[in-house]
Every structure is written in structure tokens, then in C-alpha cells.
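Okay, here's what each chain looks like letter by letter:
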Amino acid sequence: MDGKTICCMLIILTSLLSGCIESSEKVPCVEGLSTTELFSDPENSTIANIRLADLDDNGIEEIFSTYPLDGKVIRALCDGGECVENEFNENLTAPVRTHIVDIDGDGLKDLIVSDIGILPPIDDLVGKIVLFKATENGGFTSSIIIDNIGRATCAESGDFDSDGDLDLVICEFGNFHGSVFWLEAEDNGTWTRHNLDNRSGAIHAFPFDSDGDGDLDIAVSLSQVYEEVNIYRNDGGANFTKVSLFNDHNSNYGMSGIELVDLDKDNDTDIIFTNGDTLDMDLPENVNPHDYHGVSWLENDGHGNFSFKQLTHLWGAFVSHTLDIDNDGDLDILVGSLQIPSLYPELERIDLLLLENNGNQQFSRHNFSEVFRYLISIDSGDIDGDGEIEIISGSHRILFSGPSHRGIEISWTPSGGCIGGT
């Protein structure tokens, strides 16, 4: 065998071992999970939430990240070859969540920000909801929708009273005192408050039609003491009745949030919830958190009746995001964890978990422990206009050690996915 033949064989073998044969200008295909840093990260900033939305209504989604310790929201536009960041900070103290909607019906999408005021749990009235109203020239004017409330964690819109305008439902997490309430939009531009639940610990409140009757109900996750998932069922006239879907009755359950999605694709909306909040540090010493925390599914029967199914256990489970990650037509679930280094150092550390759906809601579990940590917020969408879905996440890393980053892209290539690919 001559030297030229040996050289060609070595080139081919090297290419095969690296995953696939491609030109040097393309990124090699890597099976499994991989992450890419989207932004520089010079300040090690803490992210409370990342959400994708199309604020300028150009058909391409943008990345909205909340920085509670810096008092700002960053909007990243990534459709020009690199991500360009814009900052919103007026009237903000400690923003934790965004919501994009044309709240006033003027044809321009606005930015609504939930501001918790301060991260540590207190009952001081430091929370507020801030509106950045879009103007015709592409700018925004900032105003406060409501303030002097308990620590606010969520504000979502919906027409609850069926009068043709958008109202808001608010989570006033507080500490020992808090509430879930909705703000009725009045014709003169003011808001009228209506309480739904006078208990603290509300994390998420998401409007949806749970029972197919044409009006908007509200799904709510409560933590802190109550550890519940509830629906506040609307009678069509904005009169709400609480229906309990899940209640653990243990204050250390660690409810960390809900996601609304049609997991089984039967044309109704299910609820995925996670429990794994260890920040209260009150889990009994004899309890293995890997046996206690995890991800669960409340399956809707189409009439607003929900059945509970435990999907998997995971210490520190903090967020779920459901999408078809392997493009096989069914919905898989990504789960991010908040595993504080000083807690349970003897346990296996799992930063991300993938539940891969076989099409019948039977899931294969994939654990990932050598990726960025504290990824408590995950969202997906087309951020660059190429027609493909990107998965975006960021780290909530207050003085926690280990690899973390304020903005990453997550990719997943299943086994055998590189065959014939790039």
C-alpha cells in the first residue's frame, strides 16, 4: 500500500471517529447533548427567567432575560449573524419574568415585567408589575401597572370577563402573606383588582381553557407552605371556583413551577409540574431528595378533569420545557435542576435531564452531569429566522460554584442521528 493510499485512509478514519465526514467549514455532528454559549459572560450575572417572544412582530423570536440583581431585562436579537442586546431598566428593581402581548389593542406588542423587589423571602410590599408600552417610532415608554404588592413572580394576560379587552392575572408570592389576583382592564385605562386566593407562595398563574367551554380558566402553582396545583375555573362571567388538582400537604415538597402543554397531543391542555425547590432547606435528613423531587404530569381528559402521573424523580427539579427535541413527531421533556453544592454533596449531580418520548408517553431518561449548572429557565423558538427551533437556557447561580452561564443554546442529537447528517 503506497503512502498516498495510507494518507487517504487515515483522513477518512479520523473523520468517521469525529462523528461524520464534512468540510472544515461545518460544525461536526455530535451525538447526545451539547451546549453553545450565546453571549459573553463577563459579570457572572444571575438569570431568573428566559423567555422567547416576537416583540417587534417580524416573525422571528427574540430572547428576553431577567436579571433581578442588576435591575434589568435584556432583549437579545439574534437574526443578524450575532446577538445584539438591548436593555430595559426604567422603573425596575428586581425583575424576574417577562410577558409579551399587545395589552392595549393598539396593534403594537408591549413588554410586561413582573418585579419581585427583592429575592430573599420577606413580606414587605416591594413587588410591582411594570409595563413597557411600544410606541410608533419603535421605542417604549415605561409605567407601573400596580405596585406596593408582595413579591411578584408572574403576570399573564387574558380576557377573563369576555368583554373584549385583556386583563391580567398576578402571582403575589410574598412570604407568609401573598395572593393570586386578577386585574380587570377598565375603559378609562385603569385596573380593578379581584382576589382569587389570599395565600402566599404563588409561582405561576397561566390562563387557558381547561374544559373546552370557551372561557379562560387559570392554572396556578403554589409553593412555600401549601404545595398545590389548582385550577380557578371560570363560569364565563369572571366568577372563579378553585379546583384542587394536586396537593402534597408537606411544606418541604418544593413545588417549583408548572408548564401548560398538550403532552399527548389529544387536543386538550395538560399540566407538567416540577418539585425540587431546596432553598428552604427543610427536607428531613432521612429523605433522599432523588426519591422525593421530580417531574409529574396532570393529564387532561378534555373536560377539565386531570389525572396525576409521576414521570420521574430528580433532586432539585426546577423547570420543565416540553418540545419535540428529536423531530420524531412526539413531545419530549427537558428538565433543569437547581442543585446547591453545599446540599447533599454525596449524591450524583444531574444538571439537565431529558425525558425522550417513544410516542406513547413512555419516556427514556437521559442524565447529563457535565454541562452548565443551575439552568432554572428553558424556552425554545426560532431566534434566527432559519426555520429551525433553538433551545435557550441560563443559570441562576447566586454565589454557587461550578460551570454556569447567563445564556446558552442546547442541542440534542439522538443516537444514530449523525448518519447522513452534518
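A brief structural summary.

**Quick word on a nonpolar patch on the surface**
On the surface, a nonpolar cluster with roughly 350 Å² of combined accessible area is contributed by L69, I398 and L399. Residue placement: I398 occurs in the loop between β27 (390-395) and β28 (408-413).

**Considering the environment of N358**
By the element assignment, N358 lies in the loop between β24 (352-357) and β25 (363-368). A polar atom in the side chain of N358 sits 2.8 Å from the backbone nitrogen of N360.

**Describing the nonpolar core**
V169, L196, I218, V229, F240, I271 and F273 are the most contacted members of the largest nonpolar core, which has 38 residues in total. Where this core is concerned, the elements lending two or more residues are β11 (167-172), β12 (179-185), β14 (202-208), β15 (217-222), β16 (228-234), β17 (240-247), β18 (255-261) and β19 (270-275). Per-element tally for this core: the top contributor is β14, with five residues. Not counting residues within four places of it along the chain, the set of residues in contact with F273 comprises V229, F246, Y253, M255, G257, I258, G294, V295, S296, L298 and F308.

**A word on the state of the cysteines**
Under the counting rule described, the total for this entry stands at one disulfide. Each sulfur in the disulfide pair C78 and C83 lies 2.0 Å from the other. Disulfide C78-C83: the torsion about the S-S bond is 110°, which places it as right-handed. With no disulfide of its own, C154 lies 4.6 Å from the sulfur of C171, the closest cysteine sulfur. On the basis of relative accessible area, C154 is assigned to the buried category, the value being 0%. For C171, a relative accessible area of 0% translates into the label buried.

Criteria and cut-off values
- What you see as residue numbers is a count from 1 along each chain, following the sequence as written.
- Per-residue local features of the predicted model are confined to residues with pLDDT of at least 70, and side-chain atom pairs are confined, for both listing and counting, to 80 or more; whole-chain, interface and lining totals are unaffected and use all residues.
- The side-chain values count all of the structure's non-hydrogen atoms but skip hydrogen atoms and water molecules.
- The patches reported here contain residues having more than 30% relative accessible area and no salt bridge. Joining distances are 9 Å for like charges and 5 Å for nonpolar side chains (Val, Leu, Ile, Met, Phe, Trp, Tyr).
- Accessibility throughout is a Shrake-Rupley quantity obtained with a 1.4 Å probe, and a residue counts as covered only by protein chains that appear here.
- Salt bridges, as used here, are contacts in which a Lys or Arg side-chain nitrogen is within 4 Å of a carboxyl oxygen on Asp or Glu.
- What counts as a helix is a DSSP run of H or I of at least four residues, what counts as a strand is a run of E of at least two, and both are numbered from the N terminus.
- In the analysis that follows, any N or O atom pair within 3.5 Å is treated as a polar contact, provided that within protein one partner can donate a hydrogen and the other can accept it, and provided that, for residues neighboring in sequence, both atoms belong to side chains.
- Residues grouped as a nonpolar core are buried Ala, Val, Leu, Ile, Met, Phe, Trp, Tyr and Cys residues, joined through side-chain atoms within 4.5 Å.
- Burial classes follow relative accessibility: with a 1.4 Å probe on protein chains only, a residue under 20% of its type's maximum area counts as buried, one over 50% as exposed, and anything between as partly exposed.
- By definition, residues are in contact when any of their heavy atoms lie within 4.5 Å.
- Any cysteine sulfur atom paired with another within 2.5 Å is treated as part of a disulfide.

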